[in-house]
Amino acid sequence: MIAIWALLAFIASIVFWNAVLKRNIGEAMIVGFVVVGAFAGRDAPKYMWDGFVDSMQEEVTFAGLAFIFMSFILAKTPVLDRLIDILNSFLGRLRGGPIYTSTVAGGMFGAIAHVGASVTAAVGSVTVPWMKRSGVSGELSATVVAGCAGMGVTFPFSATMFILVGSSTVTGMMAADDIIVPLAIAGLWCLGYRLVLSYYLVRKNGLQPIAPEDRIPVKRSLRVGWTSLLLFVPIVIPLLLTRGPIAAPIAHYTDLVMSSALSLITWIPVLMILLVLFLGRRHLPKTTTGWWKVLGDAAPQFGVIGITIVAAFSASAVLAKLKLPQQLTAMLESLSAPSWLMAILVGIIIVIIAIPLTASATMASVGPVAVAALVGTGIAAPVAAAAVLVFASTEGASPPSGAPIYVASGIARIDPSKIFMPLLKYYCVPILGIGVLIALGLLPV
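Residues numbered from 1 in each chain as written. Predicted model: local features only at pLDDT ≥ 70, side-chain atom pairs only at ≥ 80, totals over all residues. Heavy atoms only, no water.

- Per an unreviewed UniProt entry, the chain goes by TRAP-type C4-dicarboxylate transport system, large permease component and derives from Rhodococcus koreensis.
- As stated in UniProt under Subcellular location (unreviewed entry), the record for the chain gives "Cell inner membrane". (UniProt positions renumbered as here; feature names shortened; annotations may be inferred.)

Here is the structure:
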């Protein structure tokens, strides 16, 4: 059972370093990696080096880092601002329109950028002032924006997803690409719930349409920002080529299995980066010096997240060498809990762990084990992985330590503690329930 003890020590060291000592998650993951390596005894140097080499060769390592780079470059351009303007042109005329705009924009931004605090900052900086001007309280404005932060985890291609599917435990159960469609549908379920909640909140608070002078006419917003809608093309094209109606004819004439020949994990971030560079070309540096400055500004954030991904994969590889999958299988077989009870227990555990940790750190520490536990009760691995990511997405709305809570509160200029209970009631607990229903197949993915 040494691998299970190594896993527990890995979790404890991450929580202690990140939540107790208040050090960044990159440092915490390095400490966790060293702690796991120590359980290999005299073989520790070899196990750790082999784990590091394996992590650097993983396709998902490249993809995770590429998406982080794309998100940073995207933030340097007005492309997303224009996308939000378009949403407001269509939805601002509705009662409580800015709430719907914030919710839909949170889903769209989350599907592209994935980082909860970034989703909150980008969307909230535009929609919170609009909400307050249209009569929405600062507390409700901050609650809605922070509550939507987790959608970055419930749509494909987040660093959190790559950390989970890149672990040795999960790769032994499913291919990395298998998670994409189930997670996309799971993300739509979560977005759908938030839209229903928005309708309830609008009626409960008696909200009215936004003032006409605060809305850009539809024709103008489309004329100015229609190119922002192209952000979804790099996702749609590879999906059509590998899983859509085009895939079969191509396979027939080329004798290629398109889902194997064209890696979504590799090509979607590459195409996204190229498109963002094209769409934002007028607002990006034109000189080498300018680009060095941009890369220098990105280095701290990029470095921390990059280290998190590499350390997580490296630790996962060491745990695999310590025979964690085999030991977990034996332990889970001895539990023999029904699927409904296991889904609830796994969900509660992940939500609790995600309170002090980020979703990425939660997936690195307990995500693979959670998937294995659900698979052990007969739940399909891609469905289990999607449910586990939904559970982890509550980290943005989990008081008291979710970063999006403080970003949203700062924009709305309110006391963060005033939105703790609304976030638990409207977002954290219901999203936990959605994850359970997905795991049990009651919400199909």
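Here the narrative resumes, following the displayed structure.
What to know about the overall build of the chain
- Scanning the chain for helices and strands turns up 23 helices and 0 strands.
- Here the C-alpha radius of gyration of the chain, 22 Å, is about what a compact globule of 445 residues would show, namely 22 Å.
- For the C-alpha atoms alone, the extent of the chain along its principal axes is close to 70 × 50 × 45 Å.
- Across the 445 residues that make up the chain, the buried fraction comes to 54%.
- Put simply, of all contacts in the chain between residues at least 6 apart along the chain, 80% involve residues at least 24 apart.
- Entry remark: accessible area of the chain is about 18500 Å², with carbon and sulfur atoms responsible for 69%. (Helix = DSSP H or I, 4+ residues; strand = E, 2+ residues; numbered from the N terminus. Rg over C-alpha atoms; globule rule 2.2 N^0.38 Å. Buried < 20%, exposed > 50% of the residue type's maximum accessible area, 1.4 Å probe, protein only. Contact = heavy atoms within 4.5 Å. Areas by Shrake-Rupley, 256 points an atom, 1.4 Å probe, with all protein chains shown as cover.)

Some remarks on the packing of helix α5 (residues 79-91) against helix α6 (residues 97-112)
- One way to put it is that α5 packs onto α6 with a least axis distance of 9 Å and a crossing angle of 140 degrees. On the basis of their axis angle, the class for α5 and α6 is oblique. At the point where α5 passes α6, the crossing takes the right-handed sense. Counting all contacts with α5, which are made through Leu80, Leu83, Ile84, Leu87, Asn88 and Leu91, the residues of α6 involved are Gly97, Tyr100, Thr101, Val104, Ala105, Met108 and Phe109.
- Per-class residue counts for the contact of α5 with α6 are 10 nonpolar, 3 polar and no charged. (Axes fitted to C-alpha atoms, helices over the stretch in contact; angles between N-to-C directions. Parallel < 35°, antiparallel > 145°, perpendicular 65-115°, else oblique. Left-handed = near helix turned anticlockwise from the far one by under 90°. Nonpolar A, V, L, I, M, F, W, Y, C, P; charged D, E, K, R; others polar.)

Things to note about the side chain of Thr143
- Turning to its location among the elements, Thr143 is positioned in helix α8 (residues 138-147).
- Thr143 sits in the buried class, given a relative accessible area of 2%.
- A distance of 2.8 Å separates a polar atom in the side chain of Thr143 from the backbone oxygen of Glu139. (Polar contact = N/O pair within 3.5 Å; in protein donor to acceptor, adjacent residues only side chain to side chain.)

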